[in-house]
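Residues per chain are reported as follows:
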Amino acid sequence: MATSPDDDMPSERHFIDAALDGDHRSFLHLVRRHQNRVYRFLLKHINHVADAEDLAQDTFIEAYLNLANFRGDSTLATWLLGIALNKARNYLNRAPERRFHWESDDSLFNHASPNSMPCLDFEKRQVLDTVRQGIAQLPTDLREALIFVSFEQLSYQDTANMLGIPVGTAKSRVNRARCLLADYLQVQGLTPSDAVLPTIAASGSC
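Residues numbered from 1 in each chain as written. Predicted model: local features only at pLDDT ≥ 70, side-chain atom pairs only at ≥ 80, totals over all residues. Heavy atoms only, no water.

Caption draft 1: Local environment of the overall build of the protein. Along the protein, the regular secondary structure elements total eight helices and zero strands. Shown N-terminal to C-terminal, the secondary structure of the protein runs as helices and strands in the order α-α-α-α-α-α-α-α. Within the protein, the proportion of its 206 residues that are buried is 42%. Across the protein, the fraction of contacts at a sequence separation of at least 24, relative to all contacts at a separation of at least 6, is 64%. (Helix = DSSP H or I, 4+ residues; strand = E, 2+ residues; numbered from the N terminus. Buried < 20%, exposed > 50% of the residue type's maximum accessible area, 1.4 Å probe, protein only. Contact = heavy atoms within 4.5 Å.)

Structure (structure tokens):
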């Protein structure tokens, strides 16, 4: 039977156990593996580059201090996103005006091809900025559910566990968020397909 290149790599559990035994390099390996995802997740929530970097660092510090509490009921990535979500919530509670603070950075939308045309990159950035603004204006409970399912690609079950809600409620929040976002994009003269973000397009009945 064919094997993938990852089959010969040590499992993530190996690095977790080694870190718990005091191997700091193993924990640094875990940080390198997950830091970009955690940072992007935080940036989607708070829309502030420098503070997202600080919160990502705080997330990994807390993860290191509480690594022994990681039972493996979820993936390490999901566990880290749970810590990051609490960091983002606390941040927004302290400074709610940051929710609508927009950065002109390239950190979140760095998907342009090196061979793409500059004019198309500019248009794409305008579209993505509009989508980001629409997401930020969603109610907090809807925004969190949408980000977990449509951007982090978590299952509804994992999303429900992260948010402490029933699975049906998670599905309802995501559908409602998609509908509201589709309405916002339409007002701005866009559709979800224009935004090249099919995973957030409204599905089902709105």
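Caption draft 2: Up close: the environment of Arg-13. Relative to the assigned elements, Arg-13 resides in helix H1 (residues 12–20). Arg-13 gets classed as partly exposed once you look at its relative accessible area, which sits at 32%. In sequence terms Arg-13 and Gly-72 are 59 residues apart; their C-alpha atoms lie 8.6 Å from each other.

Caption draft 3: Quick peek at the pattern of salt bridges. Enumeration over the complete set of coordinates arrives at nine salt bridges. Where Arg-33 meets Glu-12, a salt bridge forms, and the shortest distance between an N and an O atom there is 3.2 Å. Here Arg-33 is found in helix H2 (residues 24–46), whereas its partner Glu-12 is found in helix H1, with 21 residues between them in sequence. The salt bridge involving Glu-144 is made with Arg-89; its shortest N-O contact spans 2.7 Å. Residue Glu-144 is found in helix H6 (residues 140–151), and its partner Arg-89 is found in helix H4 (residues 76–94); the two are separated by 55 residues along the sequence. Judged by its relative accessible area of 5%, Glu-144 falls in the buried class. (Salt bridge = Lys/Arg side-chain N within 4 Å of Asp/Glu carboxyl O.)

Caption draft 4: Seen up close, the environment of Ala-145. Looking at where Ala-145 falls in the secondary structure, it is placed in helix H6. Those residues within four positions of Ala-145 in sequence are excluded, and the remaining contacts are Thr-159, Leu-163, Ala-170, Arg-173 and Val-174.

Caption draft 5: Representation of the packing of aromatic side chains in the model. In the structure shown here, the tally under the stated rule is three aromatic pairs. Ring centres of Phe-27 and Tyr-64 lie 4.9 Å apart, and the angle between their planes is 65 degrees; on these two criteria the pair is classed as edge-to-face. Pair noted here: Phe-27 is in helix H2 and Tyr-64 is in helix H3 (residues 49–65), with a separation of 37 residues, a long-range link. (Phe/Tyr/Trp six-rings, centres within 6.5 Å; stacked < 30°, edge-to-face > 60°.)

Caption draft 6: Expanded view of unusual backbone geometry. Even without a glycine there, the phi angle at Gln-153 is positive, about 60 degrees. Residue position: Gln-153 is located in the loop between H6 and helix H7 (156–163).

Caption draft 7: The arrangement of H1 in detail. Along H1, the residues that are buried comprise Phe-15, Ile-16, Ala-18 and Ala-19. For H1, the angular spread of buried residues about the axis comes to 165 degrees, placing them on one side. Close packing links the buried residues of H1 with H2 and H4. At the exit of H1 stands Gly-22, carrying a positive phi of roughly 100 degrees. (Arc of directions from axis to C-beta.)

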